[in-house]
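Structural features, examined
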Amino acid sequence: MILVLGGAGYIGSHTVKMLCESGEEVVVADSLATGFKQAVHPKAKFYKGDLRDREFLDNIFKNEKIDAVIHFAAYSLVGESVTNPLKYYNNNLCGTEILLESMVNAGVKNIVFSSTAATYGEPERIPIMETDKTEPTNPYGETKLSMEKMFKWTGNANGLKFVSLRYFNACGADESGKIGEAHNPETHLIPLILQVANGKRDHISIFGTDYPTKDGTCIRDYIHVTDLSKAHILAVKYLKDGGKSDIFNLGNGIGFSVREVIEMARKVTGHTIPAVEAPRRAGDPAQLIASSEKAKKILGWKPEHDSLEEIIASAWKWHKNHPDGYK
């Protein structure tokens with residue numbers, strides 16, 4: 001039985017759906033601070049509560065036969081983490097510390113962790129390798145890196161095993177069109193572009209057009225949420241089969257510029273999608289592209305939904321029919 005923390009959120013709900021459909025027994029715990037009960041697969045058992053509530057967690061481990069945990073329960077807005085770092089330290093770090101106490105107490109040894117490319121900060125080289133230096137440029141990345149180290153030291157002391165999945169730009173939506181991305185406020189490029197197509201905003205802003213890239217705009221590695229879900233499931237299997245603790249990048253290994261993403265969204269939606277050039281934002285690296293060779297070799301993972309057109313089409317199928325998310 002697998003406990004998915006944050007299973008009512010964007011990537012969590014897609015992973016829960018895939019787990020349930022593959023016949024796994026799944027327990028979801030979510031505070032619904034940023035998640036949605038409607039996003040949780042009907043076959044999953046749902047507990048509403050907070051990661052920082054030890055009694056809540058102990059109760060789940062006592063009542064359910066959990067043999068692995070997938071941890072998505074973190075705040076993840078880069079900008080907000082800069083203006084309100086203590087919110088991020090409190091939830092992401094204090095919450096994870098309480099989770100690990102509860103896991104150690106219950107004898108649960110396996111955890112798969114939703115980490116981020118933000119652990120690297122400004123990349124030294126492209127593509128980014130797992131062995132590259134980690135110097136986060138914001139509190140969000142810093143807390144995720146600290147969480148990884150907490151797993152490592154707890155593992156050394158208590159026999160816990162972890163897989164940390166550092167992913168790049170999560171995007172797209174389940175092919176059913178029933179679940180998808182719904183953040184408030186929305187900060188991700190593809191949903192923001194699609195809000196223009198949906199009549200929710202009148203233009204998309206391009207922050208910086210003078211980067212040293214092919215068209216002057218930032219380049220990012222976009223990875224379909226279904227491919228990310230698959231990686232979490234493979235990571236749980238890897239740990240249950242006796243794999244040692246490890247860290248893996250998840251990306252497509254190809255980068256698309258902001259202009260390319262806007263252009264493809266115009267093609268997919270048939271809307272003009274006006275774009276307005278704006279100054280660079282602080283802390284935006286020119287390009288972030290992952291090397292996922294290690295995940296391919298060790299976990300047997302391979303992105304299957306890596307065409308930009310397919311990614312945007314799946315997101316549009318969700319956003320067009322759910323302009324206000326889960327409301």
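One can find the structure itself at the top, above this paragraph.
Keep in mind that what you see is a predicted model, and the values were worked out from it rather than measured. (Residues numbered from 1 in each chain as written. Predicted model: local features only at pLDDT ≥ 70, side-chain atom pairs only at ≥ 80, totals over all residues. Heavy atoms only, no water.)

A separate point is the sheet that holds strand S14 (residues 287-288). In space, the three strands of this open sheet follow the order S12-S9-S14, with mixed pairing throughout. Each end of this open sheet is capped by a strand with a single partner; those strands are strand S12 (256-257) and S14. With two bridges joining them, strand S9 (residues 219-220) and S14 adopt parallel strand pairing. Residue pairing across strands places Arg220 opposite Leu288, the latter belonging to S14. (Pairing = 2+ DSSP bridges. Helix = DSSP H or I, 4+ residues; strand = E, 2+ residues; numbered from the N terminus.)

All right, on to the packing of aromatic side chains then. Counted by the stated rule, this structure contains six aromatic pairs. Three or more aromatic residues joined by ring pairs form one cluster here, namely Phe36, Trp318 and Tyr326. The cationic tip of Lys87 hangs over the ring face of Tyr75; the distance from NZ or CZ to the ring centre is 4.6 Å. Above the face of the Tyr211 ring, Arg280 is positioned so that its terminal group lies 3.9 Å from the ring centre. (Phe/Tyr/Trp six-rings, centres within 6.5 Å; stacked < 30°, edge-to-face > 60°. Lys NZ or Arg CZ within 6 Å of the ring centre and 35° of its normal.)

This brings us to the packing of helix H2 (residues 54-63) against helix H4 (residues 85-106). To characterise two packed helices, one gives the angle between the axes of the helices and the distance between these axes. Where H2 contacts H4, the axes come no closer than 9 Å and their chain directions differ by 35°. For the element pair H2 and H4, the recorded crossing hand is right-handed. Contacts between H2 and H4 pair Arg54, Leu57, Asp58 and Phe61 from the former with Ile98, Leu99, Glu101, Ser102, Met103, Asn105 and Ala106 from the latter. The residue makeup of the contact of H2 with H4, split by class, is six nonpolar, two polar and three charged. (Axes fitted to C-alpha atoms, helices over the stretch in contact; angles between N-to-C directions. Left-handed = near helix turned anticlockwise from the far one by under 90°. Contact = heavy atoms within 4.5 Å. Nonpolar A, V, L, I, M, F, W, Y, C, P; charged D, E, K, R; others polar.)

This paragraph deals with the environment of Ile190. Its place among the elements puts Ile190 in helix H6 (residues 189-197). For the pair formed by Ile190 and Ile2, sequence separation is 188 residues and the distance between their alpha carbons is 31 Å.

Among all residues save glycine, negative phi is the norm, and among peptide bonds the norm is trans. In this chain, Ile126 is followed by Pro127 through a cis amide linkage whose omega measures -5°. When you line up the elements, Pro127 lands in the loop between strand S5 (110-116) and helix H5 (139-158). Cis geometry is found at the peptide bond from Asn184 to Pro185, where omega equals 5°. Inspection of the secondary structure assignment puts Pro185 in the loop between strand S7 (169-171) and H6. A positive phi is found at Leu32, a non-glycine position, where the angle reads about 65°. Within the secondary structure layout, Leu32 lies in the loop between strand S2 (26-30) and strand S3 (45-48).

Scanning the entire structure with this criterion turns up 22 salt bridges. With a shortest N-O distance of 2.9 Å, Asp50 and Arg52 are connected by a salt bridge. Judged by its relative accessible area of 24%, Asp50 falls in the partly exposed class. Given a relative accessible area of 28%, Arg52 falls into the partly exposed group. The residue Glu148 makes a salt bridge to Arg166 at a minimum N-O spacing of 2.6 Å. (Salt bridge = Lys/Arg side-chain N within 4 Å of Asp/Glu carboxyl O. Buried < 20%, exposed > 50% of the residue type's maximum accessible area, 1.4 Å probe, protein only.)

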